[in-house]
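For reference, the chains in residue letters:
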Amino acid sequence: MDLPFHLVNVFSIPGEPFSGNPLCVFPDATGMPDEEMLAWARQFNLSESTFVTARHDEDGEAHVRIFTPGHEMPFAGHPTLGTAEVLAGLGGELDSVHLTMPAGRIPVVRIGDGWRLEARPATVREVTASGADLAAALGLRRTLVVRSDAAWVDAGVEQLLVRLDNVDAVRACAPDGQLMAQHMTAPGRPPHVYAWAWTGPKTIEARLFYTEGQSVLEDPATGSACANLGGWLVAQGTRDVSVVVSQGAAVGRPSRLRLDIDGAGAVHVGGRVDVVGRGTCSLVRG
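In this numbering scheme, every chain counts its residues from 1 along its sequence in written order. Restriction of local features to residues with pLDDT of at least 70 applies here, the model being predicted, together with a cutoff of 80 or more for giving and counting side-chain atom pairs; totals for whole chains, interfaces and linings are based on all residues. Working from all heavy atoms in the structure, the side-chain values ignore hydrogens and water.

**Student:** How do you make sense of the pattern of salt bridges when you look at a structure like this?
**Tutor:** Pairing is possible between side chains of opposite charge, provided their charged atoms come close. In what follows, salt bridge is the name for a side-chain nitrogen of Lys or Arg lying within 4 Å of a carboxyl oxygen of Asp or Glu. Counting across every chain of the model gives 15 salt bridges. With its nearest N and O atoms 3.1 Å apart, the salt bridge here joins arginine 65 to aspartate 34. With arginine 65 in strand β4 (residues 61–67) and aspartate 34 in helix α1 (residues 34–44), this residue pair connects regions lying 31 residues apart in the sequence. Residue aspartate 34 is classed as partly exposed on the basis of its relative accessible area of 39%. For arginine 110, the salt bridge identified is with aspartate 95, shortest N-O distance 3.0 Å. Of this pair, arginine 110 sits in strand β7 (residues 104–111) while aspartate 95 sits in the loop between α2 (77–90) and β6 (96–101), and the two are 15 residues apart along the sequence. Each residue is assigned to one of three classes by its accessible area relative to the maximum for its type, calculated with a 1.4 Å probe on protein chains only: buried under 20%, partly exposed between the two thresholds, exposed over 50%. Given the relative accessible area of 52%, aspartate 95 is considered exposed. Going along the chain from the N terminus, every DSSP run of H or I of four or more residues is numbered as a helix, and every run of E of two or more is numbered as a strand.

**Student:** What is the right way to look at the nonpolar core in this model?
**Tutor:** Across soluble globular proteins, nonpolar side chains have a tendency to be buried as a group. In terms of nonpolar packing, the biggest core is built from 55 residues, with Val108, Tyr194 and Leu229 touching the most fellow members. A total of 7 residues in this core trace back to one element, the largest contributor, which is helix α6 (residues 223–235). When neighbours within four sequence positions are excluded, valine 108 is seen to be in contact with Thr80, Leu81, Ala84, Asp95, Ser96, Val97, Leu99, Trp115, Arg116 and Leu117. Only buried residues count toward a nonpolar core, which is a set of Ala, Val, Leu, Ile, Met, Phe, Trp, Tyr and Cys residues joined through side-chain atoms within 4.5 Å. Membership of the second largest hydrophobic core comes to 24 residues, among which are Ala129, Ala137, Ala150 and Ala195. Here a residue-residue contact requires only that any non-hydrogen atoms of the pair lie within 4.5 Å.

**Student:** What's the story with the side chain of glutamine 159 in this structure? I'm lost.
**Tutor:** Along the chain, glutamine 159 falls in strand β11 (residues 158–163). Of note is the side chain of glutamine 159, whose polar atom sits 3.0 Å from the side chain of serine 224. A 3.5 Å cut-off defines polar contacts: any pair of N or O atoms within that distance qualifies, except that in protein one atom must be a possible hydrogen donor and the other a possible acceptor, and neighbouring residues in sequence count only when both atoms are side-chain atoms. Reaching out from glutamine 159, the side chain makes a polar contact with the backbone nitrogen of alanine 225 at a distance of 3.3 Å. Setting aside residues up to four positions removed in sequence, glutamine 159 forms contacts with Ala151, Trp152, Val153, His192, Thr222, Ser224, Ala225 and Asn228.

**Student:** What's the story with the state of the cysteines in this structure? I'm lost.
**Tutor:** Think of a disulfide as a covalent bridge from one cysteine sulfur atom to another cysteine sulfur atom. Any two cysteine sulfur atoms lying within 2.5 Å of each other are counted as a disulfide. The full count for this structure, using the stated rule, is 0 disulfides. Lacking any disulfide linkage, cysteine 24 is separated from the closest cysteine sulfur, that of cysteine 281, by 6.9 Å. Cysteine 226 takes part in no disulfide bond, and the closest cysteine sulfur, belonging to cysteine 173, lies 17 Å away. Overall, cysteine 226 belongs to the buried group, its relative accessible area being 0%.

**Student:** I tried to follow α1 on my own but got confused; where do I start?
**Tutor:** Three- or four-residue spacings in an α-helix give side chains the same orientation, since the helix completes a turn every 3.6 residues. Taken as a whole, α1 has its buried residues at Met37, Leu38, Trp40 and Ala41. Summarising the axial view, the buried residues of α1 lie within an arc of 160°, below the 170-degree limit, and thus occupy one face. In α1, those exposed residues whose orientation departs by more than 90 degrees from the buried face are Glu35 and Gln43. For α1, the secondary structure elements touched by its buried residues are β1 (3–12), β2 (21–26), β3 (49–56), β4 and β17 (267–281). As used here, the arc belongs to the directions running from the helix axis to the C-beta atoms.

The following block contains the structure:
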């Protein structure tokens, strides 16, 4: 049986064809076992792949599972936007879809050349690690970490947000996997650490580090972390603002995310989505 797939770049930049975070979308994974979804995600070896397990094109409704090469994610931003682009095309160029995943039902709407999701309200909890511990885990001097702004935030997937003093500190991060495991781990999950800094009144540069086994990896563009950042800003009292977040240059995939917070404190994350390929794959058994 042939299995269709689509390749898309999410949070891409116009004129830069290899920008954004790549994603593989399987639009018809009805009945596929969990272990096979994980195996296909490992086969494509992208940061995430999505599997549509049920869809109702006339209503723009779909059920989606998100897998990294190592585990399932309850929510992730760039897979949500990329999957919306693929499903909207299959459903007759829809302008809105609703994707249900383990973290909940996420509304997604078309915006120009991309898509925008509305994040769940975030929960914020304190960090117990010291500023010195956080700095050491990121390979930085203690003075570069703004300890008072560090927080665990969860708008679908919990991550540790660490604000740094300046953009040079973001670019200088050299994380230590063992120290990340000691000081930056949420219960039941490997470390996911979002290091960020203001580069202007409404611009931010960020990097997302996570561990897989003994390795420290970096994500090109992280919509879930951008949503968490929005949730943290809302907790600080921020309203009616639009922020551009740059990410991915350090791994050769420059990306641009738009973070919008409305007057009521709702958080929206959006960006450009480009379809770059499609095809079919099949298992050879025996």
